[in-house]
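Residue-level listing of the chains:
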Amino acid sequence: MEIKELEKVQEGSIFGTLTQLGHEQVVWCHDQATGLKAIIAIHNTVLGPALGGTRMWHYASEQEALTDVLRLSRGMTFKAAISGINLGGGKAVIMGDAKTMKTEAFLRRFGKFVNSLNGKYITAEDVNMKTADMEYISMETKHVTGLPESMGGGGDPSPVTAYGVYLGMKAAVKKAFGSDSLAHKTIGVQGVGQVGMHLVEHLVKENANVFITDISEDRMKEVAARYGVRTVGQEKIYDLDMDIYAPCALGASINDETIGRLKCQVIAGAANNQLKDDVKHGYMLVDRSITYAPDFLINAGGLMNVYHEHLGNYNRKRVLEQAENIYATCLNTLSFAAQEKLSPQEAAMQLAEKRIQDIGRLRMSR
Ligand code: NAD
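Residues numbered from 1 in each chain as written. Predicted model: local features only at pLDDT ≥ 70, side-chain atom pairs only at ≥ 80, totals over all residues. Heavy atoms only, no water.

### Concerning the side chain of glutamate 309
- Counting through the fold element by element, glutamate 309 comes out in helix α13 (residues 301-311).
- For the buried residue glutamate 309, which engages in no salt bridge, the nearest side chain bearing the opposite charge is arginine 316, 7.8 Å off.
- Excluding anything up to four places from it in sequence, glutamate 309 contacts Thr145, Gly146, Leu147, Gly152, Gly153, Gly154, Gly155 and Tyr314. (Helix = DSSP H or I, 4+ residues; strand = E, 2+ residues; numbered from the N terminus. Buried < 20%, exposed > 50% of the residue type's maximum accessible area, 1.4 Å probe, protein only. Lys, Arg positive; Asp, Glu negative; His and termini not counted. Salt bridge = Lys/Arg side-chain N within 4 Å of Asp/Glu carboxyl O. Contact = heavy atoms within 4.5 Å.)

Here it is in structure tokens:
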């Protein structure tokens, strides 16, 4: 069968998608007794074992969960590679309601599935998964990070992620405005969960003019009161007259529908997969002269945190020092993008892929 015909057969199939995105392995996990339904995706292990958090979400369909885990795991490969970290990319998603389903047995069953991969995949926290959940998972596998400090872990990674996002934002602002000061810049933060809230703290300290939004009204009010910032409606954030948009909720918020509404000059936030389509929407932002700080580059602080935990002898000061590199990496990537006439996202992907190729070749040589 000719390659063209083969591609036609694969169109719309799971293997077709895996071929397109370059995944190595996808594992479907099911347990009747606890109701666990999870997917673990291992994208690339050239640089090291695939590390990436587990997300629990009430996905509308299996297809939606699969798409999410495939995109997220691929993002982890790029994130580790561009950050100079010797890890591959992987991710897990659990389908269901995190508020009611997360029992000890449920989490330990998931831990057993992680363990069955013998360290090829290492898990950590992501949306709706907390340090306490990692403790249960660690009862069944040693291939877990994001453990509390009392267990020798690095604790909650989100303050480090927020610090990296803050520095990446400053680098993008320097590129767009000539100075990296955030003082008096109007910044819209979408999602004030663990990372968004810590980001707001950095922004307020620098005298930025901060607006926040969140689907949780209670959380939004709590963060607004704590930091003295203003709130804006969930949809209104896209129309806000702002200098910087900081997506810190879920992915795909930059899409055909929202790009035309954004009046900002910079986008820099913590959410993974902010661009609904990496290529199309990356270039649409270029056309609108909006400087985009690639998400997987500037939100790598959390990965750095769990990487240090994985290496052993965790030390928060050393992690924060590594996170400081995000400023220079972001600036260099934006310069490379301008020089090569690429979108920042594509430039960052090319730099990440180059490191994987270079180190992959090195590993094969004797
Ligand atoms: P979180 O669950 O603590 O916070 C997410 C917040 O976004 C919640 O308060 C939620 O109510 C809100 N939200 C969800 N949908 C929204 C919407 N449509 N509009 C407004 N608000 C909405 O998660 P987090 O740990 O803060 O992570 C935030 C994002 O950053 C996620 O995409 C995550 O994958 C990414 N990220 C997190 C880390 C980390 O260290 N926690 C590291 C890298 C990337």
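### Brief notes about the UniProt feature "active site" (unreviewed entry) in the chain
- UniProt records the feature "active site" (unreviewed entry) at Lys91, using the numbering of this structure.
- Within the secondary structure, lysine 91 sits in strand β5 (residues 88-95).
- Looking at lysine 91, the relative accessible area reads 2%, which means it is buried.
- Leaving out residues up to four positions away in the same chain, lysine 91 has contacts with Ile39, Ile40, Ala41, Gly52, Gly53, Val69, Leu72, Ser73, Met76, Tyr121, Asp126 and Asn272. (UniProt positions renumbered as here; feature names shortened; annotations may be inferred.)

### Some remarks on the environment of tryptophan 57
- Along the chain, the position of tryptophan 57 falls in strand β4 (residues 54-57).
- Between the C-alpha atoms of tryptophan 57 and methionine 129, which are 72 residues apart in sequence, the distance is 9.7 Å.
- Not counting residues up to four positions away in its chain, the partners in contact with tryptophan 57 are Ile94, Met95, Gly96, Val127, Asn128 and Leu250.

### Thoughts on the environment of cysteine 264
- Mapped onto the fold, cysteine 264 is located in the loop between α10 (256-259) and β11 (266-267).
- Taking the C-alpha atoms as reference points, cysteine 264 and arginine 288, 24 residues apart in sequence, are found 9.7 Å from one another.
- Excluding residues that lie within four positions of it along the chain, cysteine 264 makes contacts with Met242, Asp243, Ile244, Tyr245 and Ile290.

### Concerning the sheet that holds strand β9 (residues 230-231)
- Strand order across the open sheet formed by six strands is β9-β8-β7-β10-β11-β12, with parallel pairing between neighbours. Because the sheet does not close on itself, it has two edges, and the strands there are β9 and β12 (291-292). (Pairing = 2+ DSSP bridges.)

### Focus: the pairing of β4
- By the alternation rule, side chains of β4 split into Thr54 and Met56 and Arg55 and Trp57, which are all buried.
- Of the strand pairs in this sheet, β4 and β5 are connected by four bridges, and their pairing is parallel. Bridging from a neighbouring strand, methionine 56 pairs with isoleucine 94 of β5.
- The parallel pair β4 and β5, bridged by helix α3 (residues 62-82), forms a crossover whose chirality is right-handed. (Right-handed = clockwise from strand over helix to strand, strands pointing away.)

### Section: the UniProt feature "binding site: NAD(+)" (unreviewed entry) in the chain
- UniProt annotation of "binding site: NAD(+)" (unreviewed entry) refers to Gly191, Val192, Gly193, Gln194, Val195 and Gly196 when read in the numbering used here.
- Within the secondary structure layout, glycine 191 lies in the loop between β7 (186-190) and α8 (194-205).
- Setting aside residues up to four positions removed in sequence, glycine 191 forms contacts with Gly196, Thr213, Asp214, Cys248 and Ala249.
- Looking at where valine 192 falls in the secondary structure, it is placed in the loop between β7 and α8.
- Apart from residues lying up to four places away in sequence, valine 192 is in contact with Met197, Val200, Ile212, Thr213, Asp214, Arg219, Met220 and Val223.

### Thoughts on the site of the ligand
- The full set close to the ligand counts 20 residues, and Arg55, Thr161, Val195, Asp214 and Ala249 are the nearest of them.
- A distance of 3.3 Å separates an oxygen atom of the ligand from a polar atom in the backbone of alanine 270.
- Measuring from an oxygen atom of the ligand, one finds a side-chain N or O atom of asparagine 272 at 2.9 Å.
- Isolated, the ligand exposes 830 Å² of accessible area, and the fraction of that covered by the protein chains is 83%.
- Those elements giving two or more residues to the shell around the ligand turn out to be α7 (158-177) and α8.
- Class assignment for the residues of the shell around the ligand results in eight nonpolar, eight polar and four charged. (Near = heavy atom within 4 Å. Polar contact = N/O pair within 3.5 Å; in protein donor to acceptor, adjacent residues only side chain to side chain. Areas by Shrake-Rupley, 256 points an atom, 1.4 Å probe, with all protein chains shown as cover. Nonpolar A, V, L, I, M, F, W, Y, C, P; charged D, E, K, R; others polar.)

### Observations regarding the packing of aromatic side chains
- A full pass over the atoms with the stated rule returns two aromatic pairs.
- Look at phenylalanine 78 and phenylalanine 296: their rings are 5.5 Å apart centre to centre, the planes differ by 35 degrees, and that puts the pair in the tilted class. Taken together, the residues span a long stretch of sequence, with phenylalanine 78 in helix α3 and phenylalanine 296 in helix α12 (residues 295-298) at a distance of 218 residues.
- Relative accessible area serves as the criterion here: at 4%, phenylalanine 78 is assigned to the buried category.
- When the ring of tyrosine 238 is compared with that of tyrosine 245, the centres are 6.1 Å apart and the planes differ by 65 degrees; the resulting orientation is edge-to-face.
- Accessibility expressed as a relative area gives 0% for tyrosine 245, which makes it buried.
- The positively charged end of arginine 109 is found above the aromatic ring belonging to phenylalanine 113, 4.1 Å away from the centroid. (Phe/Tyr/Trp six-rings, centres within 6.5 Å; stacked < 30°, edge-to-face > 60°. Lys NZ or Arg CZ within 6 Å of the ring centre and 35° of its normal.)

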